[in-house]
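If you want the building blocks of each chain, they are given just below.
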Amino acid sequence: MRIDICNLSKAFDSAGRALNGIDMSIADGELVALLGPSGSGKTTLLRAIAGLETPDSGEILFDGENVASRDVRDRNVGFVFQSYALFKTMTVQENVGFGLSVRPRATRPPKAEIAARARELLRLVQLDGLEDRTPAQLSGGQRQRVALARALAIDPGVLLLDEPFGALDAKVRKELRGWLRDLHDRTGHTTVFVTHDQEEALELADRVAVINRGRLEQIATPAELYGAPATPFICEFLGSVNAFDVTAEGGRALWRGHALPLPAPCPAGAARLFVRAHELAALRPGSAQPGIPGSVEGVRLSGSHVRLDIRAAWGGPLLEAEVPILDFDSHPWKRGDAAVAAILAFRAF
Ligand code: ADP
Ligand code: MG
């Protein structure tokens, strides 16, 4: 199912707006992540799509049809909440079959059919054999998969997930991430997925919608978002970035009273330059490439990279540079080493 959201706004009180003129379209079968900090309006938007929240203005279309007058139950959406909200006294199989068992008599499948459908879905989420357990007898990751199977049982046109892995530990989160992507590719449901974790959004989604203070900052593929962020907020939100507030004149950018060595001309006027940690090279003093003189104040291992905190001699906040672990192994840095931070690439706003 295709979803079009047109100029959607919602305010809970006079203090501020939860959603402010949201426009976006989600293609049939697409997996879109809503990414933003806590309180930015992600849950409100998801609930509005589900019909659990009434917008003040704007429209939501499912396959071109305005669904304003359609009740939650008639929108054919599967919803998975942050706290899985399983029924504690029901077995796993009864939980999964619940949505079908409460249908009006006319559309309710026979008991045996509901049970068969529940077992089929439990196989899909790799929980076959656990049909007769209660939620208390499952791990957090298993419970979340039951919640997903329950949402899928009604064969929804849209699957809506609100921080579904938020309550789980990092390792299980990662596993379920790959697993959800795989499930989506097999079932092909249009899926909207809320998260505040940029890594989760970029790894999982076909496109990511970045929400900030109730506004849509950008909706784009992970590669586009990373390569061409539309706003300073996105630059900072996507992580590990250095910001330089400069005034540029005659091609020279002045930062803290010094000409900042840049790999390309900077547009004239006042600007904020963003340089990602991997776009800032740490060089030994005396190398041919110009940069910002300073010294190493911190060395942190971060997976396949080493993060260096560099204190610039010109003052300002600590700079963060990323060194690939292989380079680090052949030429290790340590606290107190003199270093030159060379800007390899930047984005100006
Ligand atoms: P997110 O899911 O991105 O953390 P929410 O959509 O839950 O953000 O909330 C967006 C804003 O709307 C917040 O400022 C929040 O306090 C407010 N809000 C959300 N739900 C309600 C409500 N039921 N009543 C009043 N304010 C609300
Ligand atoms: Mg939320």
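Computed from a predicted model, the values in this text were never measured in an experiment. (Residues numbered from 1 in each chain as written. Chains lettered and ligands numbered in written order. Predicted model: local features only at pLDDT ≥ 70, side-chain atom pairs only at ≥ 80, totals over all residues. Heavy atoms only, no water.)

Some points on the overall build of the chain
Then step 1. Helix and strand counts for the chain come out as 9 helices and 20 strands.
Then step 2. With respect to the principal axes defined by its C-alpha atoms, the chain has extents near 80 × 45 × 35 Å.
Then step 3. Counting the 349 residues in the chain, one finds 47% classified as buried.
Then step 4. Within the chain, counting contacts between residues at least 6 apart in sequence, those at least 24 apart form 66% of the total.
Then step 5. Working note: accessible area of the chain is about 16,400 Å², and carbon and sulfur atoms make up 51% of it.
Then step 6. If you average the places of the 40 positive and of the 43 negative side-chain charges in the chain, the two averages end up 4 Å apart. (Helix = DSSP H or I, 4+ residues; strand = E, 2+ residues; numbered from the N terminus. Buried < 20%, exposed > 50% of the residue type's maximum accessible area, 1.4 Å probe, protein only. Contact = heavy atoms within 4.5 Å. Areas by Shrake-Rupley, 256 points an atom, 1.4 Å probe, with all protein chains shown as cover. Lys, Arg positive; Asp, Glu negative; His and termini not counted. Charge placed at Lys NZ, Arg CZ, Asp CG, Glu CD.)

Some points on the environment of Asp56
Then step 1. Its location among the elements puts Asp56 in the loop between helix H1 (42-50) and strand E4 (57-62).
Then step 2. Taking the C-alpha atoms as reference, Asp56 lies 9.4 Å from Phe12; in sequence the two are 44 residues apart.
Then step 3. Sequence-distant contacts of Asp56, that is, excluding residues within four places in its chain, are made with Ser9, Lys10 and Ala11.
Then step 4. For Asp56, the side chain forms a polar contact with the main-chain nitrogen of Ala11, separated by 2.6 Å. (Polar contact = N/O pair within 3.5 Å; in protein donor to acceptor, adjacent residues only side chain to side chain.)

Examining the sheet that holds strand E5 (residues 65-66)
Consider a sheet: its strands pair through backbone hydrogen bonds, and that pairing is either parallel or antiparallel.
Then step 1. Reading across from one edge, E2-E1-E4-E5 is the order of the 4 strands in this open sheet, with antiparallel pairing throughout. The outermost strands of the open sheet, each flanked by one partner alone, are strand E2 (16-26) and E5.
Then step 2. Summarising the sheet, strand E1 (residues 3-13) and E2 pair through 7 bridges and their orientation is antiparallel. Considered in E2, the bridge of Asp13 is made with Gly16.
Then step 3. The strands touched by H1 are E1, E2 and E4; relative to E1, the strand with the most contacts, the crossing angle is about 120 degrees. (Pairing = 2+ DSSP bridges. Axes fitted to C-alpha atoms, helices over the stretch in contact; angles between N-to-C directions.)

Quick look at the layout of surface pockets
Take a probe with the size of a water molecule and roll it over the atoms, and the empty space left behind shows itself.
Then step 1. For the largest pocket, the calculated volume is near 740 Å³.
Then step 2. For the lining of the largest pocket, the secondary-structure elements that each account for two or more residues are strand E6 (77-80), helix H2 (92-101) and helix H4 (140-153).
Then step 3. Residue classes in the lining of the largest pocket are distributed as 14 nonpolar, 4 polar and 4 charged.
Then step 4. By volume, the second largest pocket amounts to about 280 Å³.
Then step 5. What lines the second largest pocket is a set of 13 residues, among which Gln198, Tyr226, Leu238, Ser240 and Arg307 lie closest to the centre.
Then step 6. Looking at the lining of the second largest pocket, the element that brings in the most residues is helix H6 (residues 198-204), giving 4 residues.
Then step 7. A breakdown of the residues in the lining of the second largest pocket according to their chemical character gives 4 nonpolar, 4 polar and 5 charged. (1 Å grid on protein atoms, 1.4 Å probe; cavity = no way out; pocket = protein on both sides within 12 Å on 5 of 7 lines; lining within 4 Å. Points joined across faces, edges and corners; volume = space filled by probe spheres on them. Nonpolar A, V, L, I, M, F, W, Y, C, P; charged D, E, K, R; others polar.)

Side note on the site of ligand 1
Then step 1. If you check the shell around ligand 1, you find Phe12, Ala18, Pro37, Ser38, Gly39, Ser40, Gly41, Lys42, Thr43 and Thr44 and nothing else.
Then step 2. A distance of 3.0 Å is found between an oxygen atom of ligand 1 and a backbone nitrogen or oxygen belonging to Gly41.
Then step 3. Alone, ligand 1 offers 560 Å² of accessible surface; in the complex the protein occludes 55% of this.
Then step 4. When residues in the shell around ligand 1 are grouped by element, the largest group, 3 residues, is from H1. (Near = heavy atom within 4 Å.)

What to know about the side chain of Arg177
Then step 1. As for its position among the elements, Arg177 is in helix H5 (residues 170-187).
Then step 2. Residue classification places Arg177 among the buried residues on the basis of a relative accessible area of 4%.

Thoughts on H2
Then step 1. Of all 10 residues making up H2, 7 are buried, and the element is well covered by its neighbours.
Then step 2. Among all positions of H2, only Val92, Gln93, Asn95, Val96, Gly97, Gly99 and Leu100 are buried.
Then step 3. Against the buried residues of H2 lie helix H3 (111-124) and H4.

Points about the pairing of strand E12 (residues 252-255)
Then step 1. Residues of E12 alternate between two faces, with Ala253 and Trp255 buried on one and Arg252 and Leu254 left unburied on the opposite face.
Then step 2. Across 3 bridges, strand E11 (residues 241-249) lies against E12 in antiparallel orientation. Directly across from Thr247, in E12, lies its bridge partner Leu254.
Then step 3. Counted along the chain from E11 to the antiparallel partner E12, the turn is 2 residues long, and its residue Gly250 has a positive phi close to 55 degrees.
Then step 4. Pairing analysis gives 2 bridges linking E12 to strand E13 (residues 258-259), with the strands arranged antiparallel. Opposite Leu254, over in E13, you have Ala259 as the bridge partner.
Then step 5. Hairpin connection, E12 to E13: the antiparallel pair is bridged by 2 residues, and Arg256 has positive phi, about 55 degrees.

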